[in-house]
Amino acid sequence: MKTISSTFIDRLFGGANFRKLEIRPEGIRIENGKEEQLFIYSRLQEVNLKSGLFYRSLEIISESDAATILKGIPKYRSKSLDTLIVEKQGKFIEIRRKVTDLAPAIQETTQWLNHRLSGKKWVSNHDLNSLAGNLSMLRDFFEIPTEFLTTDNELQATMSTLAHARKDIHGFRQKANAAFIDKEKTRFETYFDTIESNPLTESQRRAVITHEDNTRVVAGAGSGKTSVIVAKAGYLLKKGLCTPEEILLIAFNKSAADEMKARIKERIGIDVRATTFHALGLSIIGETTGTKPSLAKSAGDHRIQIKLVRNILIDLLDHPKAAKTIRNYFQSFLFPDKSEADFETLGEYYNYLKKQDLRTLKGEKVKSFEEIEVANFLFLRGVEYEYERDYEINTATAEHRQYQPDFYLPEYNIYLEHFGINRDGSTAPYIDREEYNAGIKWKRELHRKYNTTLIETYSYMRREGTLARDLERILTKQGVTLTPISSDTFKEALRNGNFIDPFSSLIATFLNHYKGNGLTAAKVAETARKRNIMDTRLNAFLQMFEQFHMAYEERLKEEQVIDFNDMIIQSAELAESNSYQSPYTCILVDEFQDISSGRARLVSALKNQKPGNRLFCVGDDWQAIYRFAGSDIALMRDFESHFGFTETVYLDHTFRFNNRIEAVATKFILRNPAQISKKIQAIRNEPNARVFIHYPETSETGILMHALEQIHSEKPDASILLLGRYNFIEDGIPWTQIKSIFPGLTVNFKTVHTSKGTEADYVVLLSITDGRYGFPSEAIDDPILDAVLSEPEQFEYAEERRLFYVALTRARHAVHLISSTPEPSSFLSELAKDTRNVNIAGRVSREPAKCNVCESGDMILRTGKYSYFYACSNFPYCTHKARVCPQCGIGYLLPGQRTLKCNNANCGHIQRLCPRCKTGWLVERKGKYGIFLGCTNYNSGKCNYTENL
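Source: prediction; values computed, not measured. (Residues numbered from 1 in each chain as written. Predicted model: local features only at pLDDT ≥ 70, side-chain atom pairs only at ≥ 80, totals over all residues. Heavy atoms only, no water.)

Trainee: What is the right way to read the overall build of the chain from this model?
Mentor: Per the secondary structure count, the chain includes 33 helices and 30 strands. Per-residue burial over the chain gives 53% buried out of 949 residues. Sequence-distant contacts in the chain: of pairs separated by 6 or more residues, those separated by 24 or more amount to 69%. For the chain, the accessible surface area stands at approximately 44300 Å², while carbon and sulfur atoms represent 48% of it. (Helix = DSSP H or I, 4+ residues; strand = E, 2+ residues; numbered from the N terminus. Buried < 20%, exposed > 50% of the residue type's maximum accessible area, 1.4 Å probe, protein only. Contact = heavy atoms within 4.5 Å. Areas by Shrake-Rupley, 256 points an atom, 1.4 Å probe, with all protein chains shown as cover.)

Trainee: Would you mind showing me how to read the sheet that holds strand E30 (residues 946–948) here?
Mentor: As a general point, the strands of a sheet are linked pairwise by backbone hydrogen bonds and lie either parallel or antiparallel. Reading across the sheet, the three strands line up as E28-E29-E30 and stay open at both edges, with antiparallel pairing between neighbours. Both outer strands of the open sheet, strand E28 (922–927) and E30, are each paired with one neighbouring strand and no more. Shown here is a sheet whose adjacent strand axes are inclined to one another by a mean of 35°, direction ignored. Alignment of strand E29 (residues 930–935) against E30, held across three bridges, turns out to be antiparallel. Bridging from a neighbouring strand, leucine 933 pairs with glutamate 947 of E30. (Pairing = 2+ DSSP bridges. Axes fitted to C-alpha atoms, helices over the stretch in contact; angles between N-to-C directions.)

Trainee: Any chance you could explain empty space enclosed by the protein here in plain terms?
Mentor: Space left empty within the atom packing is revealed by a probe, the size of a water molecule, rolled over the atoms. Under the counting rule described, the total for this entry stands at four cavities of 30 Å³ or more. Roughly 90 Å³ of volume is contained in the largest cavity. For the largest cavity, the lining is made up of 14 residues, of which Arg627, Ser631, Asp632, Ile633 and Glu799 are closest to its centre. Its residues assigned to classes, the lining of the largest cavity comprises five nonpolar, two polar and seven charged. (1 Å grid on protein atoms, 1.4 Å probe; cavity = no way out; pocket = protein on both sides within 12 Å on 5 of 7 lines; lining within 4 Å. Points joined across faces, edges and corners; volume = space filled by probe spheres on them. Nonpolar A, V, L, I, M, F, W, Y, C, P; charged D, E, K, R; others polar.)

Trainee: Is there a simple way to think about the sheet that holds strand E9 (residues 414–419) in this case?
Mentor: A sheet is described by the order of its strands in space; here four strands give the open sequence E7-E8-E9-E10, paired in mixed fashion. The open sheet has two edge strands, strand E7 (386–387) and strand E10 (453–458), and neither has a second partner. Contacts from helix H17 (residues 369–380) reach E7, strand E8 (407–409), E9 and E10, with the element oriented near 15° to E8.

Trainee: Before we go on, may I ask you to explain helix H20 (residues 467–477) in this structure?
Mentor: Turn by turn, an α-helix covers 3.6 residues, leaving residues three or four places apart pointing in a common direction. Those residues of H20 not exposed but buried are Leu467, Ala468, Asp470, Leu471, Ile474 and Leu475. Taken end-on, H20 shows its buried residues confined to a sector of 160°, consistent with a single buried face. Across H20 from its buried face, at more than 90 degrees, point the exposed residues Arg469 and Lys477. Turning to H20, the residues buried within the fold contact helix H15 (320–332), H17, E8, E9, E10 and helix H19 (459–463). Looking one or two residues beyond H20, the residue adopting positive phi is glycine 479, at roughly 85°. (Arc of directions from axis to C-beta.)

Trainee: Please clarify how the packing of aromatic side chains should be interpreted in this entry.
Mentor: The relative placement of two aromatic rings is captured by the distance of their centres and the angle of their planes. Summed over the entire model, instances satisfying the criterion amount to 39 aromatic pairs. Both rings, one in phenylalanine 668 and one in phenylalanine 827, keep their centres 5.1 Å apart while their planes meet at 90°; by these two values the pair is edge-to-face. Of this pair, phenylalanine 668 sits in helix H29 (residues 659–669) while phenylalanine 827 sits in helix H33 (residues 826–831), and the two are 159 residues apart along the sequence. No difference in accessibility class separates phenylalanine 668 from phenylalanine 827, as the two residues are buried. Taken together, the ring pairs connect Tyr329, Phe330, Phe490, Phe503, Phe510, Tyr514, Phe541, Phe545, Phe548 and Tyr552 into an aromatic cluster. The side chain of lysine 362 reaches across the aromatic face of tyrosine 385, ending 3.9 Å from its centre. When the ring centre of phenylalanine 775 is taken as origin, the NZ or CZ atom of arginine 725, which lies over that ring, is 5.8 Å away. (Phe/Tyr/Trp six-rings, centres within 6.5 Å; stacked < 30°, edge-to-face > 60°. Lys NZ or Arg CZ within 6 Å of the ring centre and 35° of its normal.)

Trainee: Looking at this structure, I do not really get helix H16 (residues 346–356). What am I missing?
Mentor: Buried residues dominate H16, accounting for eight of its 11 residues. If you follow the buried residues of H16, they end up packed against H17. Positive phi appears at aspartate 357, one or two residues downstream of H16, with a value of about 50°.

Trainee: Can you walk me through the pattern of salt bridges in this structure?
Mentor: Opposite charge on two side chains allows them to pair when their charged atoms are near. Summed over the entire model, instances satisfying the criterion amount to 48 salt bridges. In this structure, arginine 263 and glutamate 196 form a salt bridge, with 2.1 Å as the shortest nitrogen-oxygen distance. Separated by 67 residues along the polypeptide, arginine 263 in helix H12 (residues 254–268) and glutamate 196 in the loop between helix H9 (189–194) and helix H10 (202–209) bring together distant segments of the chain. As far as the burial class goes, arginine 263 and glutamate 196 line up, both buried. Glutamate 259 serves as the salt-bridge partner of arginine 263, at 2.9 Å between the closest nitrogen and oxygen. On the criterion of helical spacing, the pair formed by arginine 263 and glutamate 259 is a turn pair, its members being four residues apart in helix H12. (Salt bridge = Lys/Arg side-chain N within 4 Å of Asp/Glu carboxyl O.)

Trainee: What exactly am I supposed to notice about the environment of isoleucine 840 here?
Mentor: Tracing the chain through its elements places isoleucine 840 in strand E21 (residues 838–841). Isoleucine 840 sits 146 residues away from histidine 694 along the chain, and the two C-alpha atoms are 6.4 Å apart. Non-local contacts of isoleucine 840, meaning those with residues more than four positions away in its chain, are made with Ile693, Tyr695 and Ala832.

Trainee: Whenever I open this one, unusual backbone geometry confuses me. Can you help?
Mentor: Between phenylalanine 775 and the following residue, proline 776, the backbone shows a cis peptide bond with an omega angle of 15°. Looking at the secondary structure, you find proline 776 in the loop between strand E19 (760–765) and helix H32 (798–808). At asparagine 413, a position not held by glycine, the phi torsion is positive, near 50°. Summarising the element assignment, asparagine 413 is placed in the loop between E8 and E9. Positive phi outside glycine occurs at tyrosine 797, with the angle close to 55°. Looking at the element boundaries, tyrosine 797 is found in the loop between E19 and H32. Under the relative-accessibility criterion, tyrosine 797 is labelled buried at 8%.

Trainee: Where do I start with the side chain of serine 298 in this structure?
Mentor: Inspection of the secondary structure assignment puts serine 298 in the loop between helix H13 (277–289) and helix H14 (302–316). When sequence neighbours within four positions are dropped, the list of residues in contact with serine 298 reads Ile304, Gln305 and Leu308.

Trainee: I tried to follow the pairing of strand E16 (residues 691–694) on my own but got confused; where do I start?
Mentor: Consecutive side chains of a regular strand alternate in pointing toward one face of the sheet and then the other. Burial of E16 is two-sided: the residues Val691 and Ile693 facing one way and the residues Phe692 and His694 facing the other way are all buried. As defined by bridge partners, E16 adjoins strand E20 (residues 811–818) across four bridges and the pair is classed as parallel. Within E20, the position partnered with valine 691 by the bridge is valine 815. Bridge analysis of E16 against E21 gives four bridges, and the strand direction is parallel. Note on E21: the bridge partner recorded for phenylalanine 692 is asparagine 839.

Trainee: Whenever I open this one, the packing of H15 against helix H21 (residues 487–496) confuses me. Can you help?
Mentor: To characterise two packed helices, one gives the angle between the axes of the helices and the distance between these axes. Axis separation between H15 and H21 bottoms out at 13 Å; the angle between their running directions is 45°. Taken as axis vectors, H15 and H21 run oblique relative to one another. For the pair H15 and H21, the crossing hand works out as left-handed. Taking contact as the criterion, the partners of Ile326, Arg327 and Phe330 in H15 are, on H21, Ser487, Phe490 and Leu494. The residue makeup of the contact of H15 with H21, split by class, is four nonpolar, one polar and one charged. (Parallel < 35°, antiparallel > 145°, perpendicular 65-115°, else oblique. Left-handed = near helix turned anticlockwise from the far one by under 90°.)

Trainee: So what exactly am I meant to see when it comes to the packing of H10 against helix H11 (residues 225–238) here?
Mentor: One way to put it is that H10 packs onto H11 with a least axis distance of 9 Å and a crossing angle of 45°. Regarding the angle of H10 to H11, the classification is oblique. By crossing handedness, the relation of H10 to H11 is classed as right-handed. Contacts from Gln204, Ala207, Val208 and Ile209 of H10 reach H11 at Ser227, Val228, Ala231, Lys232 and Tyr235. Tallied by class, the residues present in the contact of H10 with H11 amount to six nonpolar, two polar and one charged.

Trainee: Help me understand the environment of glutamine 331 in this model?
Mentor: Relative to the elements of secondary structure, glutamine 331 occurs in helix H15. Residue glutamine 331 is classed as buried on the basis of its relative accessible area of 4%. Through-space distance from the C-alpha of glutamine 331 to that of glutamate 373 is 5.6 Å; in sequence the pair is 42 residues apart. Those residues in contact with glutamine 331 that sit more than four places away from it in its chain are Ile372, Glu373, Asn376, Phe377, Leu380, Arg381 and Ala468. Within the local environment of glutamine 331, its side chain forms a polar contact with the side chain of arginine 381, the two groups lying 2.3 Å apart. (Polar contact = N/O pair within 3.5 Å; in protein donor to acceptor, adjacent residues only side chain to side chain.)

Trainee: What's the story with the pairing of E19 in this structure? I'm lost.
Mentor: Most of E19 is tucked away: six of the six residues are buried. As paired elements, strand E17 (residues 719–724) and E19 share four bridges and run parallel to each other. Considered in E19, the bridge of leucine 722 is made with valine 764. Bridging between E19 and E20 involves five bridges; their strand directions are parallel. Paired with leucine 765 across the two strands is leucine 817, which belongs to E20.

Laid out in structure tokens, this is it:
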């Protein structure tokens, strides 16, 4: 290897070795011991100070001094020029000495830079930090005036290379790595073409080649994530960057780990370690401590964990202190509470109530969170009640229905009304204050008139947190006996009302994040206060959770086991303290979007044991659907903030679904701006829509069979995935009928969660409805979880949206989405707007009209006892109904000032509005005196208005 010799230094400072410099009238004469040069100029002011040896010689005096000499300033006439030269030469003698010492480093750094710029090796951020340190050591070299290098090309190139790297070190890295990727794709072209059954795409090759300290590969559904992991492991081995013993592949389930290990063995012929977090954590603890711990049966199995949580909760109901906190939570805080005043319109409030599916512990569907608390208070205190029973006196008129007080206590003949007013009598912004308070006055006067007992509670009691206490005081004053129900009765109510399983799921999800993040109750409370989400509901939950958590840990202790979170945290601590010495220099993680805080901590601990270790993670944040198991999407989305400097590569092709499915799925998932934006290109193009929405015209079974007929006509031997948001949806599938009619089709059922990682020719997503257990599910996105997530998700139904995306992207050819009720899921309503890529079936050709009362619900066609009618989708909160148009039989009549007009644009039929009731219309009737006009509400007894013709 060539080194910088003294010749280099001589060339650099050769101009400083002159012996004599004379200024003459005809020019300047320089003698440097080797030759004499005479610069003769007719006019001194035209002397070019930056020309050749002359300039380099004068530079030791400095350019300004030389200019001064040339101008003949008097102050220099008394000073010998030789003296000036000696004074200035000392500085350059010192620089010459320093550069001589730095000569090896200059040579080594220059060669390192040129080697990387030629595309021979990847420059990592770790390398860049070392380079920055080396360049800093060469600061004396950079002080050399560049003019001293003007006559030497080699020195110019050296200085240029070092100076450019110093000025823009990150730009150098990008340029070097771009060259490396281009060269490496050529060097490994045969490998990339043959490592998998199909040649790797350009983006897959770039991902494999990238060898950063931390590499995040952002993939799409069907983009070949496993192929990239397999190819990366093989590449590391073929290039000699790792030995087989230094590579660690981590998957989230055993089958995926076994598949990767087998494929690498088959393709490369080398064994590497592919494991799960479960097995990895146990092995680290066992190897370090000499004792492998026993894991609880619930570790890694969410169903078993839910069962364990449920059993502990049921047991706690027999312990007075714990039972008190649980009863308090179920009485007042089971649902995420929002007041009527939190909404701008009545329709918005109705929509929220409908999605929550508000049901009491007795099972009634009520109309507000405040009514839930009143009803559950009565039930838990053993007070029999009836919800909205007709008042004992008939009050119905043509304009008003029968009065139904909120609650009736039959044992005491007491009526209870809960009024939605503040202390000053004000109401929610969308409710007419005067009209509402007039209604309160009418009810009070009615009870006084008929001498019936009325007790009252108010919305402000709920907001001030005194509703239960005030209700107890009011009931006691009226002589009502309050005797808490037995533990067995409470348990039975929880089971019958399907409350215990969803609540157990919430507890389990909270527990996984709580333990996985190493939290305490105090830390959770502190986080909640900082995020401004600490309220009475969260406080009640934390009090209950504290009782549960103690019982849970006691159960583990009794069984002498640890749970999954304990195991992960213990193994991470052993790695962080170096008690466990990791042999792995390259860690590859599959499905990284499912990472939890505990798992991320373990991965970081292993990676950070040695400088230069590499972390390579492949995942798709669009498919992050395991928050219930402790997964935290922020770790994938904000990767660099958690793991350090990161190179991100996008896999931009999908081999699974066509362009039509891709267009629908991508637009749908990116409605949430927090998802990582990427464009997925499908390799197959279809001319027509391949996502079908089926609204109900017949039973759901009939719709399913129709969809299967359509699929069968396209591909008689197709594979079909029937997907459901919940397991119970499978109960409604007519398996015998399907197998009989379509023997050539391969049909299987999975929940959307368990379908992750699978695919089929066609997907049929069943029972898509709105509501607490619909799709999106209102039961999943409980704001309580925001207190334990590293970063709460702000977008509504964020996880449910990702789950729906997973369902859409399981299909190769087409997706059929089936709504089981006339009340469409908000997801279906959103997709239906894409008329280019989505085909709508089973609905009239017009958009459903909005309810003109609540202005939020859709008017849905329903079947009554005697005929069809339209009703608001927000029923029972909004009870508005409308008759089908007698002319077209499709639309319904919208009221105007004096007429009703059919909302079907193809009809437009007009009827005279009844001037009295304003809901019916006038039709011809025949009486004993001839033809007359009568209100359509006449038969129901609501209006007897007539007109003579």
